[in-house]
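Listed below, chain by chain, are the residues.
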Amino acid sequence: MSSVTSAGARDLLGHRPFLFFLSSRSLSRFSSQIGAVAIGWQIYDLTGSAFDLGMVGLVQFLPTALLVFVAGHAADRFERKRVVQACQVAEALTALFLAGSTFAGTISEIQIFAATFVLGIAGAFESPATAALLPLIAPQGSLQRATAISSGAAQVATITGPALGGFAYAMMPSAPYAVMMVFWLFGALLTGGIGRLQQAAAKNGEVSDDLFAGVTFVRSNPAILGTISLDLFAVLFGGVTALLPIYARDILMTGPLGLGILRAAPAVGALLMTMVLARHTINRRVGMRMFQAVIVFGVATVVFALSHWMWLSALALAVLGAADTISVVIRFSLVQLATPDEMRGRVGAVNFLFINASNQLGQFESGVTAALLGAVPSAVLGGVATVAVALLWMKLFPTLRDVEKLE
């Protein structure tokens, strides 16, 4: 890592478009994390089923799988900040529905799954558009630092969101959804304040060519293909977050507030690592650093799986979050810097598909495995598989392993 003066970070925070982007993205993350706690606890409270808990991830992933190429095309064809705004308004309306139904006592498992599906649709369009906005906003040569700061701000929301979500749910089950609605609406207003950006126009071509251009680009670039697929398989097997309600209630013997603390722990570790990366950019052996981070992620998952102490479980999750942050910063910067602006929406959609597959299908995989084997064996198996994937990918993608610098 090379030392970077703190003035660089201050300059970014003084750049109005970046500050508005940062605030809007943080509020969206805040709402999503509150929703993760509220929806997960409510489903488990209604059904008591690990399988149904895993189904939440599958329901969120399906819209991404169905709409990923359309979403990427929209991010390149239309003004990206308007796409993000429309998604945030749709998410706010969905949160309003959940709040009203829960408060009235008419909420059902089917209604929660339907609302989760709508949130998945909005997320499928919002994420590639948001990712493609950052390179337009960050000054030249500062994307890695901007990514780290953006990730850190989102992690602050991730730390506060789960804890507030658990506390609010304990006070009144409808309260978390009301907070989500307010934050998404404010996020939409901030997105509108970013200002006009010089977005490169996508080249005209056949509709099918436009839709699948991102796939073609990723396949032709071994480093990007290796980066995206590594995240897919590593987090697919290491997705213990879906099992946190089980650990909180049945293993660690805590309640909704404890669940919120567990969900916040990875974000605490991520935030601490972000503070380091905002001052000290990684400027050598970045490919190897990413693989090392994934291995640490897998080991921390195994430690969490075997722990019966709250403090050790939270510590393992914090280490997991710190390792994941290193991987995220390298992965995002590598993909964005290697992609032309007119294709960033479509490439970002492919990346989002893989990320969602890893996170949400990982929840489904963890829920099914936990239902068959139990929560602890499922989490241990996932951590071991994550380490194995990292070691295998080092052999399969030597180009990625040997990447020396990002910018």
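How each quantity is defined
- Residues numbered from 1 in each chain as written.
- Predicted model: local features only at pLDDT ≥ 70, side-chain atom pairs only at ≥ 80, totals over all residues.
- Heavy atoms only, no water.
- UniProt positions renumbered as here; feature names shortened; annotations may be inferred.
- Salt bridge = Lys/Arg side-chain N within 4 Å of Asp/Glu carboxyl O.
- Buried < 20%, exposed > 50% of the residue type's maximum accessible area, 1.4 Å probe, protein only.
- Helix = DSSP H or I, 4+ residues; strand = E, 2+ residues; numbered from the N terminus.
- Axes fitted to C-alpha atoms, helices over the stretch in contact; angles between N-to-C directions.
- Left-handed = near helix turned anticlockwise from the far one by under 90°.
- Nonpolar A, V, L, I, M, F, W, Y, C, P; charged D, E, K, R; others polar.

- Under the annotation held in an unreviewed UniProt entry, the chain carries the name MFS transporter and is attributed to Bradyrhizobium uaiense.
- Taken from UniProt, the Subcellular location (unreviewed entry) comment for the chain reads in full: "Cell membrane".

**Focus: the pattern of salt bridges**
Move 1: One pass over the structure, following the stated rule, counts four salt bridges.
Move 2: A salt bridge links Arg80 to Asp76, with the nearest nitrogen and oxygen atoms 2.9 Å apart.
Move 3: The closest approach of N and O atoms between Asp250 and Arg249, which form a salt bridge, is 3.3 Å.
Move 4: On the basis of relative accessibility, which here comes to 37%, the residue Arg249 falls in the partly exposed class.
Move 5: Counted as one network, the salt bridges with shared partners bring together Asp76, Arg80 and Arg346.

**Digging into the UniProt feature "transmembrane region" (unreviewed entry) in the chain**
Move 1: Here the UniProt feature "transmembrane region" (unreviewed entry) sits at residues 50-71, 83-104, 175-194, 228-248, 260-278, 290-309 and 370-394.
Move 2: Taken as a whole, residues 83-104 contains 100% helix and 0% strand, while its terminal C-alpha atoms sit 32 Å from one another.
Move 3: As a span, residues 370-394 carries 96% helix and 0% strand, and end to end its C-alpha atoms are 29 Å apart.

**A short note on the packing of helix H3 (residues 50-77) against helix H5 (residues 109-137)**
Move 1: Contact geometry for H3 and H5: axes closest at 7 Å, N-to-C directions at 35 degrees. Pair H3 / H5 crosses with right-handed handedness.
Move 2: Of the residues contributing to the contact of H3 with H5, the split by class is 17 nonpolar, four polar and two charged.

**Observations regarding the environment of Pro256**
Move 1: Positionally, Pro256 belongs in helix H11 (residues 256-279).
Move 2: Exposure remark for Pro256: the relative accessible area of 22% places this residue in the partly exposed category.
Move 3: Residues Pro256 and Gly165 lie 91 residues apart in sequence; the distance between their C-alpha atoms is 8.5 Å.

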